[in-house]
Amino acid sequence: MLSLDTQLQLPPMARLVAALAIFVVSALAALWLATAQPWLGLVLQAGDDGLVVLVDVQREDLPNGLRPGSRIARIGAVNLHAMDVMEEPDTINSYALLNEFRARQAELSATLNQPQVLVGFAGDNQSIRTVVVAPYAGRPAWSLPFEFWLQLFVGGAGALVGGWIWALKRDRPSVFLAISGFGLMASALSASVYSTRELALDAELFRMLNAGNFVGTNIFGLALISLLLSYPKRIGGSLVILAVWTIGLGAVVAQLMQLMPSQSIGSYGPMLAQFCILLVLVAIQFIASRRAPLARAALGWFGLSILLGTSVFVFTIAVPAMLGVEPQTRQAHAFGIILIIYCGIAIAVARYRLFDLGIWSFRLTSYLLGGMLLIALDAVLIYGIAIERIPAFGLALLAVAMLYLPLRNFLGSMLARRTGVDPLRVREVVDIALTPNATLRQEKWRGLLDSAFAPLSIDLAAPIDRARLVDGGQKMLVPFTKGTPAMCLHYAHGGRKLFSQTDADRVQQLVELMDHALASRDAQEHGARQERTRMARDLHDNIGAQLLRTLHSRDPERKDAIISETLTDLRDIINNAQGTGLVLSEVLADLRFETDERLAAIDMELRWDMEIEETQAVDARLAHTLRSIIREAASNTIRHARARNFAVSMRVAAGELHVHISDDGVGVSDHVGAHDGGLVNMAARAEGHGGALTISTESGTHIVARLPLETPSP
């Protein structure tokens, strides 16, 4: 058995196909056995008075006297008792009663195989009436109850999940998981036939199916013990595992040979012992894996899945049966719970999304705890206070709904609150983003990650776009931002935990917040740079021109007036004055007078032509741009061109102001080229206003500017 994986060197797909084939054959066999039995068309149930109650009639050709609610007293010559329709004979306390039950099943099975069967039922006056029913040779599949299909599904899912993990992995734990899956399948499929029988089965068939259920259940438990001895840490060698199977299968043989102290102890004692061993092994594994976060996370699934799943089966079926109390749930429903747990075990062995253990364990634990609490309250009300079943269940359900569910929701909301970003972290991120020194910014970012997740180490990593978990949550990759490199965090919370998907979501939020803060900082700095550039350009073009104008003026009063105008321009530059409703002709009239005065000081002629309506209005921004361009052009001509004439012409066309400035000087010399500050400023002003400016140096200097009359959005 231990060398099964080494002996069966099958490809992964072949293993999965083999597991599927085994289940299909077994399921078809179970379906054939269930439908090959003689069928009366009656749905029977044990009554509270020890008799058998007719719950439903599934055949239309039955006598009218057989109605739901009738008490079935006899089948042929056999007087019926409630024990005859019990779902699980393993709950019988003694071997003598079990053998009596099997003998009655054999007698009833022989009766049902007759062409006609006398069915005796209690009439309205408590007298026994008899009708003749001809059993069908077989039972239609549609008449099989839900519990049959549930157990068939559980058996198939157990085999396929175990086979799937066995196909994916080639280690010892996956082999034991596959064995446990096939044990679950054998137990569920065997029980599906006898627990959903109409009334009786052949004695030998019943014995074989009951043995298949018992053996499969124990194989399931022994395989889980072997799994915990091998995984996540190997704490037991081959000899220990062999001893477990020897003792376990020995107990199975002793029960089948009826050598145990009692029937109930023999049936459920090994199950209770296996549960205790599993509990001890979980504790040992927990200690052994204290320095291995991934192993501890896998163990978390084991501790949650194995202990909760087996405890549901043990404390709702096994313990009540051993105490002589009626089980608190049907075996088929318990199989459904075990399947959910078994899938959790498979996830642990496959190590899939172990980083989400916290939230999933809370959900699964809370749901199972609620179900167990409901069952326990129902049992206390029935057996402790002697309340009828239906009122007892209603009271238990009400208590769980009123007390337990609000508490669960409160705890769940408390757990969910930890998934967001702490407001204090927001302030830290903003502070980091505003740190000008790149090295210091990276150190602060590393400190933030360290305080938020307490990893054992933080290393640089290759750039990625989103936070990601690797190695089953042992590492978390943090994306790069505009100001910090990508990083890899190793082992959360000092190596005690795995990183969870919640951690990845939180760090992604921090990264996005950092990117937003850095973008805001860059936008602010860009705006500040633009404002400084504007002010420098305005100071160069306007204030420089005005000061040059003052320098060439010989009239003291005129100098004072020019200085006053310069101060006004300086205030406009500082305040970046914006306004609307300026008359363009008035702005140009002032600008013409100013330009003519500057040129006259050096004996240069001005020619000024305008094709502009007198009422044309512009905003302050366009007026400021126009003044700056003409002033800078005039300054360049005065300083560098050695010209005799300076010409300015303007016209409005298609919503734009077209400006042509020229002189008859030497043009742009080599040392005052395209990179001269004044020329660059003029082009920048035109482009900043949504227009364009070109410069030509053939036969003097020619500047052509095109400025939209409507101010574009900044």
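Just above, that's the structure.
Everything quoted here is computed from the prediction, not taken from an experiment.

Undergrad: Give a detailed account of helix α14 (residues 438-453), specifying residues and quantitative values.
TA: Over its 16 residues, α14 extends 23 Å from the first C-alpha to the last, a length consistent with the 22 Å expected when each residue adds 1.5 Å. All of the buried residues in α14 are Arg-441, Trp-445, Leu-448, Leu-449, Ala-452 and Phe-453. In a view along the axis of α14, the buried residues occupy a sector of 100 degrees, so they form one face of it. With a side-chain oxygen lying 3.0 Å from the backbone nitrogen of Thr-439, the N-terminal cap of α14 falls on Asn-437.

Undergrad: Tell me about helix α6 (residues 203-230), residues and numbers included.
TA: Here α6 contains 28 residues, and its C-alpha end-to-end distance of 40 Å stays within 8% of the 40 Å for a straight helix at 1.5 Å per residue. Summarising burial for α6: 20 of the 28 residues are buried, a large majority.

Undergrad: Please give an account of the environment of Asp-48 that cites residues and values.
TA: If you trace the backbone, Asp-48 turns up in the loop between β1 (42-46) and β2 (52-57). For Asp-48, a relative accessible area of 73% gives the class exposed. When the C-alpha positions of Asp-48 and Ala-82 are compared, they lie 8.4 Å apart, and in sequence the two are 34 residues distant.

Undergrad: Please provide a residue-by-residue account of the sheet that holds strand β10 (residues 487-490), values included.
TA: If you walk across this open sheet you meet the four strands as β7-β10-β9-β8, and the pairing is antiparallel. Only two strands of the sheet have a single partner each, and these edge strands are β7 (457-460) and β8 (468-470). For this sheet, the mean inter-axis angle between neighbouring strands, taken without regard to orientation, is 25 degrees. In terms of strand pairing, strand β9 (residues 475-478) meets β10 through four bridges, oriented antiparallel. In the strand pairing of β10, Val-478 is matched with Met-487. Contacting β7, β9 and β10, α14 runs over the sheet at an angle of about 30 degrees to β10.

Undergrad: Account for the sheet that holds strand β14 (residues 645-653), naming residues and giving values.
TA: Read across the sheet, five strands follow the order β12-β14-β15-β17-β16 without closing on themselves; strand pairing throughout is mixed. Each end of this open sheet is capped by a strand with a single partner; those strands are β12 (605-611) and β16 (692-696). In this sheet, adjacent strand axes meet at a mean angle of 10 degrees when their direction is disregarded. The sheet contact formed by β14 and strand β15 (residues 656-663) spans eight bridges and is antiparallel. Each bridged residue has a counterpart across the sheet, and for Ala-653 the counterpart in β15 is Glu-656.

Undergrad: Any details on the environment of Phe-146? Residues and values, ideally.
TA: Counting through the fold element by element, Phe-146 comes out in helix α4 (residues 146-168). Among the residues examined, Phe-146 registers a relative accessible area of 56% and is labelled exposed. Taking the C-alpha atoms as reference points, Phe-146 and Thr-196, separated by 50 residues in sequence, lie 9.0 Å from one another.

Undergrad: Give me the lowdown on the pattern of salt bridges, citing residues and values where you can.
TA: The tally for this structure, following the rule as stated, stands at eight salt bridges. Between Glu-204 and Arg-207 there is a salt bridge whose closest N-O contact spans 4.0 Å. Placement of the pair is Glu-204 and Arg-207 together in helix α6, with a separation of three residues, close to one helical turn. On the basis of relative accessibility, which here comes to 45%, the residue Glu-204 falls in the partly exposed class. Linking Arg-466 and Glu-512 is a salt bridge whose minimum nitrogen-to-oxygen distance equals 3.7 Å. A residue pair is termed long-range when its members are at least 10 positions apart, and Arg-466 in the loop between β7 and β8 and Glu-512 in helix α15 (residues 501-552) qualify at 46 residues.

Undergrad: Now, about the side chain of Ser-143: what can you tell me, with residues and values included?
TA: By the secondary structure assignment, Ser-143 is in the loop between β6 (128-133) and α4. Setting aside its immediate chain neighbours within four residues, Ser-143 contacts Trp-39 and Gln-58.

Undergrad: So what's going on with the side chain of Thr-435? Residues and values would help.
TA: Within the fold, Thr-435 resides in the loop between α13 (423-433) and α14. Given the relative accessible area of 5%, Thr-435 is considered buried. If we skip the residues at most four places from it in the chain, Thr-435 touches Leu-440, Arg-441, Lys-444 and Arg-521.

Undergrad: How would you sum up the pairing of strand β5 (residues 117-122)? Please name residues and give values.
TA: Within a regular beta strand, the side chains point alternately toward one face of the sheet and then the other, so they alternate between its two faces. One ladder, built from three bridges, connects strand β3 (residues 71-75) with β5; its direction is antiparallel. In the sheet register, Ile-75 faces β5, and the bridge partner there is Val-119. For β5 and β6, the ladder comprises six bridges, and the chain directions are antiparallel. Counted as the bridge partner of Phe-121 is Arg-129 from β6.

Calculation notes
- Residues numbered from 1 in each chain as written.
- Predicted model: local features only at pLDDT ≥ 70, side-chain atom pairs only at ≥ 80, totals over all residues.
- Heavy atoms only, no water.
- Helix = DSSP H or I, 4+ residues; strand = E, 2+ residues; numbered from the N terminus.
- Expected span 1.5 Å × (residues − 1).
- Buried < 20%, exposed > 50% of the residue type's maximum accessible area, 1.4 Å probe, protein only.
- Arc of directions from axis to C-beta.
- Polar contact = N/O pair within 3.5 Å; in protein donor to acceptor, adjacent residues only side chain to side chain.
- Pairing = 2+ DSSP bridges.
- Axes fitted to C-alpha atoms, helices over the stretch in contact; angles between N-to-C directions.
- Contact = heavy atoms within 4.5 Å.
- Salt bridge = Lys/Arg side-chain N within 4 Å of Asp/Glu carboxyl O.

All quantities given are derived from atomic positions and should not be read as evidence of function.
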